[in-house]
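# Structure at a glance
One-letter residues, chain by chain:
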Amino acid sequence: MMKSKADEEDYWNSSKFKAFTFDDEDDEFSRLKESKRAVNSIRYLVEEDDDEEEVEKVSWSGEPVGSISWSVSETAASNQKADREPAFPKVSADSGPMSRSHSGYSLSSLFKGKTKGGNFQSLADSPSDPSVRLYAPELRKPKSEYKDYVSDWSPEETVQRMQQGKVVSLEKFRSLQDKLLLLDYAVNAHDGNVITAVLIYLKRTLSKEVLFRELESRQTALRHLIHYLTETRDQRLLLELLRALGRMEDVALLQYKEHLSIADENRRRDFLKNCLSLPFSPEDSAHVQDHYTLLERQVIIETTDRQAERGGKVEVFQKFPRKASILNMPMITTLYYCCFYHYTESEGTFSCPLNIRQTFKISEKQYFVTALAARAKLKAWSDVDALFTSRNWLGFTRKKSPLSFQRVVDILQKNSAPTQVLQNYVALVDDAELRISLAQKHKCHDIVINTYRDLKDRQQLLGYQVKLKRGSAEERKIDELLNNPQIRWKN
Amino acid sequence: MAAHLSYGRVNLNILREAARKELREFLDKCAGSKAIVWDEYLTGPFGLIAQYSLLKEHEVEKMFTLKSGKLPSADVKNIIFFVRPRLELMDIIAENVFSEDKMHSSRDFHILFVPRRSMLCEQRLKEQGVLASFVNIDEYILDLIPYDGDLLSMEYESAFRECYLENDQTSLYHTIYGKGDCARHVANMMLRMKREFAGSQNQILPVFDTLLLLDRNIDLLTPLATQLTYEGLIDEIYGITNGYVKLPPEKFAQKKQGEASKDLPTESKKLQLNSAEELYAEIRDKNFNAVGAALSKKAKIISAAFEERHNAKTVGEIKQFVSQLPHMQAARSSLANHTSIAELIKDITTSEAFFENLTVEQEFMTGVDTDKVNTYIEDCIAQKDPLIKILRLMCMQSVCNNGLKQKVFEYYKREILQTYGYEHILTLNNLEKASLLKLQTSSRNNYPTIRKTLKLWMEDANEQNPNDISYVYSGYAPLSVRLTQVLARPGWRSIEEVLKLLPGPHFEERQQLPAGLHKKRQQGENRTTLVFFLGGVSYAEIAALRFLSQMEDSGMEYIIATTKLLNGTTWIKSLMDRPESQIS
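For every chain, the first residue of the written sequence is number 1, and numbering continues from 1 onward in sequence order. Numbering of ligands from 1 and lettering of chains from A proceed in the order in which they are written. Under the rules for a predicted model, residues below a pLDDT of 70 receive no local features and side-chain atom pairs below 80 are neither given nor counted, while totals for whole chains, interfaces and linings still include all residues. With hydrogens and water set aside, each side-chain value is computed from the structure's full complement of heavy atoms.

Identification of chain B as VPS33A core subunit of CORVET and HOPS complexes from Gasterosteus aculeatus aculeatus is taken from an unreviewed UniProt entry.

The name given to chain A in an unreviewed UniProt entry is Spermatogenesis-defective protein 39 homolog, and the organism recorded there is Gasterosteus aculeatus aculeatus.

The structure is reproduced here in structure tokens:
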């Protein structure tokens, strides 16, 4: 483990990849400082005009005054107070004659090469007649009502008219063949609105079996129907469709997704239990099983712990009251919680960390990091120590860790471990240079001094002595070392 | 106000003007006083088109945010809903309309769908029984919002999700070179439209010489990488929405002379970012490592300009100096802002975490150890770093390795589910459907071939004075932009083999123009290409295209259009099912 870590560090140092660095650190900093200085000096020079510098006025909410989002809140606010005319900011930039120029371009013509008006002309033609405004087919109107419309459009013409936003009737497409022809033309027109309109009609007038069967060979239309059913939350029909198509994994995931909208933990747990029989892929099936098992345990732990906390008899809950319920928290958070509150329990309980580790096959590293952080938070240093202790076959104890000791120190330090504890682990860092820099950072003077001594580096030792407090034990220690005639210094 | 839109090769301000004109026309259609009820999401994009004053001129007296329940009272003749075509919004509208009818009502209702009417929504209104209450149902084709002199976006967030996750191509009614399935669809639609509207359209002089349609899924790698241009980093770190960025206020505190800085502002500082600001236009596309130098150069120039006042002796000279003051003021304030932003960003780019993340990205992009479990990803999971960061790296590894080995994939999956929650089975499944994650099926990895042929990795990218597009990612040249570059010269025929390795068809369609409409090109005049990114584009890619436009010998200028401006984070978020509860 340590070896590979050292290799890795070697690699980092020799890496040919340039990571993102400022090639001249100091210079770059000074440049920014320089422009900052310049800015500041100028500021004082022209102080009086400060108020006019902003081209754009910004209101309290940070929106530019006169912008639409600003005005929305502004007019809404004034509306609540009274019906008086709100005072609008005067913004003149936009209302000049320029903006009224009669540009021959329209938005669409630039990109589509067509002029506006051709598109939804019926909309403009008769704006007051609501029936014409719908370019969607009027599906439920009695037959007599659309007699007026020319009704012998071919499927192709019908699709064209729909695209142009004109009123059409789909009711006259009665035979399956006609309906499918209509659908095929709609698909070829690449217009999602038209495809959806035709699909709604087919969904209403065909049996599910027939519709599903025909869609299997029409993938584009099929995808539109799936999207339509998803959007309209027609879960039942969607599941039926997916099943008919044999997309069993999608069926499983779609049903599993529903658990997100169940707030009550007991109902959610029962729902997840029912999910276990769904046709997931083998890997996902195992994960869903874990999800269920986890929530099942969380419900039990939550009930027990809430009582324990209220009862006021368990010390750890008094000293460190729970911040939130453990329900629906991720696995690792649950493990942390159990390492915090239930560390010493016997393996038989649901909340015992070792039991959890086994049940959910938590990797050694993850378990280690989590337990370390939890015990360090509680300042249970003997527990922390025990995590590292292993005996070899001769019965000697030695410290072992699946993490680099650098990371261990990092985690301990984040949980505000005292220097005495930190130095035990800093000392275990293999690489001398890394060890020194960590020791310096965390003020583990003994380690710094001993390492320099082992390196026989007198110069560094002298340099370090200067940084120490006058008359401190560390300073004296360096003096002793420097005066020790037995050490052969390399410099 | 919108002058920056007209500086470019193609005057995009025309688009803005056209959009304003259409808006006025619609408003005038609803005669009498009006109140607008806004889908909140739309106020940002509309802000780029019009200010409130324009609406006011057309008798818009009140504006509300769309909320369920009763409409606020307002003494107006018309109530107009400005909404995106989304079903959940239809339900709210129906509720509004119902509660209105109960009281009194002589008010007329109208709906303006932006950017397009939708069958689905009208059907929903009909089911709710309110469809007939509307006097006007119209659409406002705000498809392409001009962001800058060379940049248009539809700001259509879910385009990528719909096309590649849900396989619904309804959104592609638009719109000819192209690469990708969606590009092919779009081209087909365009050709069909052209046939159908024959006769009515050919009188328009073509604005672009070439249209290049690119599917986002031919280049999944680029948006996943951390952008290293100034604008790209602002977007990565703070997020740019509708051309605005919100920044932490501390660095922007303005100290007045003689006034103690007692209260720091707590509201975040909001800044507009576009080329109307001279300094920003100069530095936004630079690699961030070159920004410090540019800022200090600018500082010297401005200081020198202010020093000029000592040399002003005559009244005329003083007058001259004073007349320049407002401009100098603006430049000074702009310099102050960007110096502060650069400091904020520098704090992050010099952090160890940023460095480590970038190193891993660069390893993946150069193909180092992509087939093993990466210890950095493992450590990030153990530290509970934000899930999206993990997913970005994991997807990147998958894309660079043509899929992850089963053992690697399963290991990551287990760690993610255990640490972030089992419901992310759904998230990972979505990423798989979009091909951002996949299992390695064959042992053959195409990525190294693509990387070498297209020169996607440049060993010594010059960040200060770039000579290649790879500077935008400090070494990695975005695939999408490389394809664009090769198309211009020497042409795609030279890379047929690589194009076959990328998903989807590639094609070329030529439009016949009537003889009189062929543009007469001036000597030395560049050709223009509109590059349309279907599914989104990142700021770093835009910077790379701008770099190509500015290269002396490229002979091509690029205008960029897209369905959405994105970065790796917003992109992955758009593929999650309930992102709001998942950004832990």
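Further notes follow.
As a further point, take the overall build of chain B. For helices the rule is a DSSP run of H or I covering at least 4 residues; for strands it is a run of E covering at least 2, with both sets numbered from the N terminus onward. Along the backbone of chain B there are 22 helices and 15 strands. Whether a residue is buried, partly exposed or exposed follows from its accessible area with a 1.4 Å probe, protein chains only, as a fraction of its type maximum: under 20%, in between, or over 50%, in that order. Considering chain B as a whole, with its 584 residues, one finds that 61% of them fall into the buried category. Accessible area of chain B: about 22400 Å², with a carbon and sulfur share of 50%. Per-residue and other accessible areas were derived by the Shrake-Rupley procedure at a 1.4 Å probe size, with only the shown protein chains allowed to occlude residues.

Moving on, we come to the overall build of chain A. Counting secondary structure elements, chain A contains 26 helices and 2 strands. Looking at chain A as a whole, 45% of its 491 residues qualify as buried. Of the contacts made within chain A by residues no fewer than 6 positions apart, 49% connect residues no fewer than 24 positions apart. Whether two residues touch is decided by their heavy atoms; if any such pair falls within 4.5 Å, the residues are in contact.

A few words now on the confidence of the model for chain B. Residue and element names in this part refer to chain B. Per-residue confidence from the prediction method is given by pLDDT, with values spanning 0 to 100. With 82% of its residues at a pLDDT of 70 or more, chain B shows a mean pLDDT of 83. Per-element averaging of pLDDT across chain B places strand E8 (residues 177-179) at the bottom with 57 and helix H9 (residues 230-237) at the top with 97. Predicted confidence for residues 167-176 stays below pLDDT 50, and this span has 48 contacts to residues more than four positions away or in other chains. Predicted confidence is poor over residues 256-261, with pLDDT under 50, and the contacts of this stretch with residues over four places away or in other chains come to 6 contacts. Predicted as a complex, the structure gets a pTM of 0.77 and an ipTM equal to 0.78.

What follows concerns the side chain of Lys298(B). Residue and element names in this part refer to chain B. Within the fold, Lys298 resides in helix H11 (residues 291-307). Of the residues examined, Lys298 reaches a relative accessible area of 12% and is grouped as buried. In this structure, Lys298 is in contact with Glu278, Leu279, Glu282 and Leu335, ignoring residues within four places of it in sequence.

Residue and element names in this part refer to chain B. Taken in spatial order, the 5 strands make up an open sheet running E2-E1-E3-E4-E5, and their pairing is parallel. Each end of this open sheet is capped by a strand with a single partner; those strands are strand E2 (60-65) and strand E5 (134-139). In this sheet, adjacent strand axes meet at a mean angle of 20° when their direction is disregarded. Bridge count for strand E4 (residues 108-113) against E5 is 5 bridges, and the pairing is parallel. Looking across to E5, one finds that Ile111 is bridged to Ile137. Here, axes are lines fitted to C-alpha atoms. For helices the fit covers the stretch in contact, and angles between N-to-C directions go from 0 to 180 degrees. The strands touched by helix H1 (residues 13-29) are strand E1 (34-38), E2, strand E3 (78-83), E4 and E5; relative to E3, the strand with the most contacts, the crossing angle is about 145°. Most of the contacts of helix H2 (residues 40-47) go to E1, to which it runs at about 110°, and overall it touches E1, E2 and E3. Two strands pair under a simple rule: DSSP has to find at least two bridges between them.

All names here are of chain A. The domain boundaries assigned to chain A delineate domain 1 (149-246) and domain 2 (249-362). The domain boundaries here were taken from an automatic or database domain assignment. On a C-alpha basis, the centres of domain 1 and domain 2 stand 45 Å from each other. Listed by partner, the interface residues are 5 residues for domain 1 and 5 residues for domain 2. Accessible area that two parts lose when put together, evaluated with a 1.4 Å probe and summed over both, is termed the buried area. Between domain 1 and domain 2 lies a buried interface of about 490 Å² when both sides are counted; carbon and sulfur atoms form 72% of it. Broken down residue by residue, the surface that domain 1 buries against domain 2 is led by Gln235, Leu239 and Leu242, which jointly contribute 76%. One side-chain nitrogen of Lys or Arg within 4 Å of one carboxyl oxygen of Asp or Glu is enough to make a salt bridge. Across the domain 1-domain 2 interface, the total number found is 0 salt bridges. Polar contact is defined as a pair of N or O atoms within 3.5 Å, subject to the rule that within protein one atom must be able to donate a hydrogen and the other to accept it, and that residues adjacent in sequence are counted only when both atoms are side-chain atoms. In this structure, the connection of domain 1 to domain 2 is made through 1 residue pair in polar contact (both at pLDDT 80 or more).

Turning next to the pattern of salt bridges. All chains considered together, the criterion is met by 41 salt bridges over all chains. Measuring nitrogen to oxygen at the nearest pair gives 3.3 Å for the salt bridge that ties Asp379(B) to Arg407(A). Remark: Arg407(A) occurs in helix H21 (residues 405-414) and Asp379(B) occurs in helix H14 (residues 375-382); the pair is interchain, linking two chains. The same class applies to Asp379(B) as to Arg407(A), namely buried. The partner of Lys298(B) in a salt bridge is Glu282(B), and the shortest N-O contact between them spans 3.8 Å. Placement of the pair is Lys298(B) in helix H11 and Glu282(B) in helix H10 (residues 278-283), with a sequence separation of 16 residues. Judged by its relative accessible area of 40%, Glu282(B) is partly exposed. Taken together, the shared-partner salt bridges connect Asp184(A), Arg213(A), Glu214(A) and Arg218(A) into one network.

As a further point, take the sheet that holds strand E12 (residues 269-272) of chain B. Taken in spatial order, the 3 strands make up an open sheet running E10-E11-E12 (chain B), and their pairing is antiparallel. In this open sheet, the two edge strands, each paired with only one partner strand, are strand E10 (240-241) and E12 of chain B.

This next bit is on unusual backbone geometry. Residue and element names in this part refer to chain B. Look at the link from Arg489 to Pro490: it is a cis peptide, with omega at 5°. Locating Pro490 in the fold gives a position in the loop between helix H19 (479-488) and helix H20 (496-501). Residue Asn242 is not a glycine yet carries a positive backbone phi of 50°. When you line up the elements, Asn242 lands in the loop between E10 and strand E11 (244-247). The backbone of Ser435 sits at a positive phi, close to 65°, despite the residue not being glycine. Its location among the elements puts Ser435 in the loop between helix H17 (425-433) and helix H18 (447-453). Ser435 sits in the partly exposed class, given a relative accessible area of 38%.

A word on the environment of Leu253(A). When you line up the elements, Leu253(A) lands in helix H13 (residues 248-257). Sequence-wise, Leu253(A) and Val316(A) are 63 residues apart; in three dimensions their C-alpha atoms are separated by 40 Å.

This next bit is on the packing of aromatic side chains. Residue and element names in this part refer to chain A. Classification of ring pairs rests on two measures: the distance between centres of Phe, Tyr or Trp rings, Trp counted by its six-membered ring, which must be within 6.5 Å, and the angle between planes, read as stacked under 30 degrees, edge-to-face over 60 and tilted in between. One pass over the full model with this rule turns up 22 aromatic pairs over all chains. Where Tyr256 meets Phe280, the ring centres are 6.0 Å apart and the plane angle is 85°; that geometry is what we call edge-to-face. Placement of Tyr256 in helix H13 and of Phe280 in the loop between helix H14 (265-275) and helix H15 (282-311) is noted, with a sequence separation of 24 residues between them. With a relative accessible area of 0%, Tyr256 lands in the buried category. Geometrically, the ring pair formed by Phe340 and Tyr341 is edge-to-face, given 4.9 Å between the ring centres and 65° between the ring planes. Residue Phe340 shares its accessibility class with Tyr341, and that shared class is buried. An aromatic cluster is present here, built from Phe317, Phe320, Tyr336, Tyr337, Phe340 and Tyr341 joined pairwise through their rings.

This brings us to a negative patch on the surface. Among the surface-exposed residues, Glu249(A), Glu283(A), Glu410(B) and Glu432(B) lie close enough to one another that they form a single negatively charged patch. Inspection of the secondary structure assignment puts Glu283(A) in helix H15. With a relative accessible area of 32%, Glu283(A) lands in the partly exposed category. Patch rule: a residue counts if its relative accessible area is over 30% and it has no salt bridge; like charges are joined within 9 Å, and nonpolar side chains (Val, Leu, Ile, Met, Phe, Trp, Tyr) within 5 Å. Counting rule applied: Lys, Arg positive; Asp, Glu negative; His and chain ends not counted. Each charge is placed at NZ for Lys, CZ for Arg, CG for Asp and CD for Glu.

Residue and element names in this part refer to chain B. Counted residue by residue, strand E15 (residues 556-562) has 6 buried out of 7 residues, so it is predominantly covered. The sheet contact formed by strand E7 (residues 151-153) and E15 spans 3 bridges and is parallel. From the neighbouring strand, Leu152 faces E15, where its bridge partner is Ala561. Alignment of strand E14 (residues 527-534) against E15, held across 7 bridges, turns out to be parallel. Residue Arg527 lies in a different strand from E15, and its bridge partner there is Met556. Crossover handedness for the path E14 to helix H21 (residues 539-550) to E15: right-handed. Seen with its strands pointing away from the viewer, a crossover is right-handed if its path from the first strand over the helix to the second goes clockwise.

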